[in-house]
Protein chains: 2
Amino acid sequence: MNVLLSRDNQVRAMENIVTNAERYFGQFCSLLASYTRKTARLRDKADQLVKQLMDFANTENPELRATMKDFAEDLAKVQDYRQAEVERLEAKVISPLKLYGAQIKQTRADIKKCKRVQNNEIKQLEKLEKLRQKSPSDRQMISQAETSAQRASVDTNRSTHHLAETVDAFQEQKLKDLRRIFSDFVTIEMVFHAKAVEVYSSAFRTLESYDLERDLQDFRTKMRGVYGHSEARPLTDNSPSPSVPWPLASQSVQSTMAHQEKDEEESEADSVEEIPLEDLKGQQQGRHV
Amino acid sequence: MNVLLSRDNQVRAMENIVTNAERYFGQFCSLLASYTRKTARLRDKADQLVKQLMDFANTENPELRATMKDFAEDLAKVQDYRQAEVERLEAKVISPLKLYGAQIKQTRADIKKCKRVQNNEIKQLEKLEKLRQKSPSDRQMISQAETSAQRASVDTNRSTHHLAETVDAFQEQKLKDLRRIFSDFVTIEMVFHAKAVEVYSSAFRTLESYDLERDLQDFRTKMRGVYGHSEARPLTDNSPSPSVPWPLASQSVQSTMAHQEKDEEESEADSVEEIPLEDLKGQQQGRHV
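Residues numbered from 1 in each chain as written. Chains lettered and ligands numbered in written order. Predicted model: local features only at pLDDT ≥ 70, side-chain atom pairs only at ≥ 80, totals over all residues. Heavy atoms only, no water.

Defined as follows: UniProt positions are given in the numbering used here, feature names are shortened, and annotations may be inferred rather than shown by experiment.
With an unreviewed UniProt entry as reference, chain A is termed CBY1 interacting BAR domain containing 2, source organism Cricetulus griseus. As stated in UniProt under Sequence similarities (unreviewed entry), the record for chain A gives "Belongs to the CIBAR family."

Have a look at this one:
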């Protein structure tokens, strides 16, 4: 093999390094940005659940109300940590990966320049070769062409040497960035998960300490109140009511019934919806946890 | 107030309890199913990242290859735990919430039946009232109507009593289910996050122990090999190459250049894409972690 082909191999090897980095860093950037967006959507959905839990808490008796509010607050806290996770991923993982695109463009421009210089050397050598074949006796022209070819060769050497240094620095930076970016990713995730464990432990204790019996007593007392004065113990009172002696206005009965029907319609429109769960399973096989 | 209105209030209070449960349990079911689906999508995205990390590892030197493979395996392990989280949420949170819909339908049917019985009592009383106004002297008709009204009243009493027991049981079950379902949710999440902390700690150690210098030496040795025999130390050799004495076939030069241009085109199409990050921030204000 000769020096020209060796240089060509060299430049192509460097080009492969940059192309490979561009390809995979581009993929990492795109996938991690998507991962971060999906994390943000998970946070949004959990925030909606927090809101519903709060609304629900306000419709319940004090005991359950307090428990549900505490639980909802813990769930909200996890989402705050998830929001911090999203912001940190954006700043310390996705942004550096994006910046990488600019660095790759610069190295690619250096490779292009080096190839131009190499091509010029090849042109000069072709010119020299043609001269040697067509006018082997024209010593002056051949000598000039030899000088041009030699100058081009010096240029190529310098340029290739510069490129080798550039690619060496590029590779070093690539390895350092790779380690730093993924270490940051792991740290961000680790911090989030650790905080989540902490908050959910507190949420678990909240749910554990909920006094269901007390809540149920509250409910029974409240319902007894609703049953009214005329029927103080409805759950144990089995005796038939006395025949009704007083007159009853038809109109008031009608209006009560109309109201009941309206209530019924409203509540039936609000039934538990069917949720397709098939897409939860994903395409993976062989999960082994 | 009278007994009829008291009973009406009672049934409506029970109806409200069931409607409220239906509304919020429906919301919890729908939101938690969505939360689980989004978790599954996060897992899918991370699985894609694992695949790219593995592919990338195979293009790198042994030191980085080993590190990236270990890291990718840890990331895959987190996704296995996420898959377990998804399956457990489905089985222990979403399914019980869905089953709740059936229970609510049964209680709602009991309320409807009780209302029919109540309405019958009201009809009998209206009939009796009309008779008293139109034919106050028809003692036999009035007596029959009074018996019917009394029978209807006994039915209503029995039915309302049964309904009160049903709603009491419903409420007790609701509170128990609520505590169990959200305790299960918290436990499932807690286990997942704890496992994630464990695996990411190992991933962090993997990245920490990566020997960047050794990798860089490998790279330099490899590149020196590419520079070929004629130029053994390209990074330190600054002397110009000698003028080129051998003839060069134009065709082989052309084909080399054509190949270079093709490479360039392919790689430039592969540039780092721009990813919109605006939607990561969500609509929330006042995050404070």
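1. Examining the overall build of chain A
Note the threshold: Elements are defined by DSSP. Helices are runs of H or I of four residues or more, strands are runs of E of two residues or more, and each kind is numbered from the N terminus. Only protein chains enter the area calculation, which uses a 1.4 Å probe; residues under 20% of their type maximum are buried, those over 50% are exposed, and those in between are partly exposed. Contacts: residue pairs with any heavy atoms within 4.5 Å of one another. For every accessible area listed, the method is Shrake-Rupley and the probe measures 1.4 Å; residues are considered covered only by the protein chains on display.
Within chain A, the regular secondary structure consists of 5 helices and 0 strands. When its helices and strands are written in sequence order, chain A yields α-α-α-α-α. Out of the 289 residues in chain A, the part that is buried amounts to 51%. Sequence separation of 24 or more characterises 84% of the internal contacts of chain A that already satisfy a separation of 6 or more. With the model as given, the accessible surface of chain A reaches about 14100 Å², and the carbon-plus-sulfur share is 49%.

2. Here's the deal with the confidence of the model for chain A
Note the threshold: As a per-residue quantity, pLDDT reports the predictor's confidence and falls between 0 and 100.
Confidence in the prediction for chain A averages 81 pLDDT; 78% of positions are at 70 or higher. Per-residue pLDDT stays below 50 along residues 229–286 of chain A; that stretch engages in 90 contacts with residues further than four places along the chain or on separate chains.

3. Thoughts on the side chain of T107(B)
Residues and elements named next belong to chain B. Among the structural elements, T107 can be located in helix 2 (residues 62–134). On the basis of relative accessible area, T107 is assigned to the buried category, the value being 4%. Residues in contact with T107, not counting those within four places in the same chain, are V18, T166, V167 and F170.

4. Some details on the packing of helix 1 (residues 3–57) of chain A against helix 1 (residues 3–57) of chain B
Quick reminder of the rule: Here an axis means a line fitted to C-alpha atoms, over the contact stretch when the element is a helix, while the angle between two N-to-C directions is reported on a 0 to 180 degree scale. Note on terminology: angles under 35 degrees are roughly parallel, angles over 145 are roughly antiparallel, angles of 65 to 115 are roughly perpendicular, and the others are oblique. With the far helix as reference, a near helix turned anticlockwise by less than a right angle produces a left-handed crossing, and one turned clockwise produces a right-handed crossing. Classes in brief: Ala, Val, Leu, Ile, Met, Phe, Trp, Tyr, Cys and Pro nonpolar; Asp, Glu, Lys and Arg charged; the others, Gly included, polar.
At a minimum axis distance of 9 Å, the contact between helix 1 of chain A and helix 1 of chain B shows a crossing angle of 165°. One finds that helix 1 of chain A runs roughly antiparallel with respect to helix 1 of chain B. Crossing of helix 1 of chain A against helix 1 of chain B: the hand is left-handed. Along the lines of polarity and charge, the residues of the contact of helix 1 of chain A with helix 1 of chain B split into 22 nonpolar, 10 polar and 8 charged.

5. Some thoughts on the packing of aromatic side chains
The condition is simple: Any two of the Phe, Tyr and Trp rings considered here, Trp counted by its six-membered ring, make a pair once their centres fall within 6.5 Å; the pair's planes then place it as stacked at under 30 degrees, edge-to-face at over 60, or tilted in between.
Counted by the stated rule, this structure contains 22 aromatic pairs over all chains. Judged by centre distance (5.1 Å) and plane angle (55°), the ring pair of F71(A) and F182(B) falls under tilted. In this pair, F71(A) is assigned in helix 2 (residues 62–134) and F182(B) in helix 3 (residues 139–208), connecting two distinct chains. Judged by relative accessible area, which is 0%, F71(A) ranks as buried. Aromatic rings pair up to connect Y24(A), F25(A), F28(A), Y100(A), F170(A), F182(A), F56(B) and F71(B) into one cluster.

6. Topic: the environment of E213(A)
Residue and element names in this part refer to chain A. By the secondary structure assignment, E213 is in helix 4 (residues 212–226). Residue E213 is classed as partly exposed on the basis of its relative accessible area, which comes to 44%. Linking E213 and E63, residues 150 residues apart in sequence, is a C-alpha distance of 9.8 Å.

7. Things to note about the packing of helix 1 of chain A against helix 4 (residues 212–226) of chain B
Where helix 1 of chain A meets helix 4 of chain B, the axes come as close as 9 Å, and the angle between the chain directions of the two elements is 145°. Residue-level inspection shows S6(A), N9(A), Q10(A), A13(A), M14(A) and I17(A) of helix 1 of chain A in contact with helix 4 of chain B, the latter providing F219(B), M223(B) and V226(B). The class makeup of the residues in the contact of helix 1 of chain A with helix 4 of chain B is 6 nonpolar, 3 polar and no charged.

8. Focus: the pattern of salt bridges
Side-chain pairing between opposite charges can occur once the charged atoms of the two side chains come close. Residue and element names in this part refer to chain B. Filter applied, for reference: Here a salt bridge means any side-chain nitrogen of Lys or Arg lying within 4 Å of a carboxyl oxygen belonging to Asp or Glu.
This model, assessed by the stated rule, comprises 28 salt bridges over all chains. A salt bridge links D74 to K77; its shortest N-O distance comes to 3.9 Å. In this pair, D74 and K77 are both assigned in helix 2, 3 residues apart and thus about one turn of the helix distant. The class of D74 is buried, set by a relative accessible area of 6%. K77 sits in the partly exposed class, given a relative accessible area of 38%. Its salt-bridge partner being R132, residue E146 comes within 2.9 Å of it at the nearest N-O pair.

9. Some words on the environment of L53(A)
Inspection of the secondary structure puts L53(A) in helix 1. In sequence terms L53(A) and A194(A) are 141 residues apart; their C-alpha atoms lie 24 Å from each other. The contact partners of L53(A), leaving out residues within four places of it in the chain, are M68(A), F71(A), A72(A), L75(A), F28(B) and F182(B).

10. Topic: the nonpolar core
Spelled out, the test is: To form a nonpolar core, buried Ala, Val, Leu, Ile, Met, Phe, Trp, Tyr and Cys residues must be joined to one another through side-chain atoms within 4.5 Å.
The biggest cluster of nonpolar side chains holds 118 residues, and the ones touching the most others in it are F28(A), F185(A), Y200(A), F28(B) and F185(B). If you list the elements that add at least two residues to this core, you get helix 1, helix 2, helix 3 (139–208) and helix 4 of chain A together with helix 1, helix 2, helix 3 and helix 4 of chain B. Leave out the neighbours within four places in its chain, and F185(B) touches F71(A), L75(A), Y200(A), L32(B), Y35(B), L89(B) and V93(B).

11. Some details on helix 2 of chain A
Our working rule: Here a helix's expected span is defined as the number of its residues, less one, multiplied by 1.5 Å. One axis fitted to the seven residues ending at a residue, another fitted to the seven starting there: the angle between these axes is the bend at that residue.
Between the first and last C-alpha of helix 2 of chain A there are 105 Å, a value that for 73 residues agrees with the 108 Å anticipated at 1.5 Å per step. Its maximal kink placed at E90(A), helix 2 of chain A deviates by approximately 35°.

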